[in-house]
Structures are given as C-alpha cells and as structure tokens.
Amino acid sequence: MFRELINIVDGIGTLYGLKKHKESEEFHLFKAKYNNKDKCEADPKPICTKMRKGDAAGKDKFSCKNEDEARMECAREGRAVCGNCVIRLYTTYPD
Ligand SMILES: [Zn+2]
C-alpha cells in the first residue's frame, strides 16, 4: 500500500533497476515500480529498448532505486553499463 503510494506520488521520481544481458554481459537500465504485492517490477524493455527482460542473466544488479542512487550505482559499474541507457538516465525527456 505504502509502496503504491510512492509510485503515485511522482515527486519522488522514477525508480530504476539494472539487469545484465546474458550474451553481451552489458548492463541495461529498466524503469521499475512496486507492484501490488510490494515487489519491484521492471518494464519489459530497458530505457534504450535494446534488450528484453527475458534476456537478463542472474540476479539484478539493483532494483527500484531512485534516480540519484541509480546514477551512483551505474557510475560504480562504469563501462559495463550500456551507454545509451546511461545517457538517458542523465537526460530529462518526456515519456
Ligand atoms: Zn541499454
């Protein structure tokens, strides 16, 4: 319930998750939100749209982090993170 509220109160902003592609081993950034079971659920495709959620390998690097946290985590991973996803994380664009 509380998590749903967070999704609705968009002043807090978009949440993100980071998944690793099973073949390229590159990390891609997905928009994510909490579902009604309080679980973090990522969009079907990352913000660069270059992979599908089903192509992810292993455990998510992170899930449902806010924008600031996501930027810090991506900076920590460095070049392993898809450049297109990172650029979009730093660019304000309409949905
Ligand atoms: Zn990407």
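Scroll up a little and you will see the structure.
None of the values given here were measured: they were computed from a predicted structure.

**Q** How would you explain the nonpolar core if you had to name every residue and give the values?
**A** Inside soluble globular proteins, nonpolar side chains tend to come together where they are buried. Membership of the largest hydrophobic core comes to 17 residues, with the highest contact counts inside it found for Tyr16, Leu29, Ala32, Val81 and Cys85. Of all the elements in the fold, those that place two or more residues in this core are β1 (15–21), β2 (27–34), β4 (56–65), α2 (67–77) and α3 (83–90). Broken down by element, this core gets its largest block of residues, 4 residues, from β2. Aside from chain neighbours lying at most four places away, what touches cysteine 85 is His28, Leu29, Pro46, Ile47 and Cys48.

**Q** Describe the sheet that holds β1, with residues and values.
**A** Strands belonging to one sheet form pairs held by backbone hydrogen bonds; the direction of such a pair is parallel or antiparallel. Pairing in this open sheet of 4 strands is antiparallel, and the strands run β3-β2-β1-β4 from one edge to the other. With partners counted over all chains shown, the strands left at the sheet margins are β3 (40–42) and β4, one partner each. Strand-to-strand twist across the sheet, computed as the mean angle between neighbouring axes with direction ignored, equals 35°. The strands touched by α2 are β1, β2 and β4; relative to β4, the strand with the most contacts, the crossing angle is about 140°.

**Q** Explain the pairing of β1 to me, and be specific about the residues and the numbers.
**A** Taking burial as the measure, the 7 residues of β1 include 6 buried ones, the bulk of the element. Relative to β2, β1 runs antiparallel, the two being bridged by 6 bridges. Looking at the pairing, glycine 17 lines up with phenylalanine 30 of β2. Taking the residues between adjacent antiparallel strands as the criterion, β1 and β2 are bridged by 5 residues, where glutamate 25 takes a positive phi near 60°. Examined bridge by bridge, β1 and β4 share 4 bridges and lie antiparallel to one another. Bridge pairing in β4 links tyrosine 16 to lysine 65.

Parameters and conventions
Residues numbered from 1 in each chain as written. Predicted model: local features only at pLDDT ≥ 70, side-chain atom pairs only at ≥ 80, totals over all residues. Core = buried A, V, L, I, M, F, W, Y, C linked by C-beta atoms within 7 Å. Buried ≥ 20, exposed ≤ 12 C-beta atoms within 10 Å, placed from the backbone. Helix = DSSP H or I, 4+ residues; strand = E, 2+ residues; numbered from the N terminus. Contact = placed C-beta atoms within 7 Å. Pairing = 2+ DSSP bridges. Axes fitted to C-alpha atoms, helices over the stretch in contact; angles between N-to-C directions.

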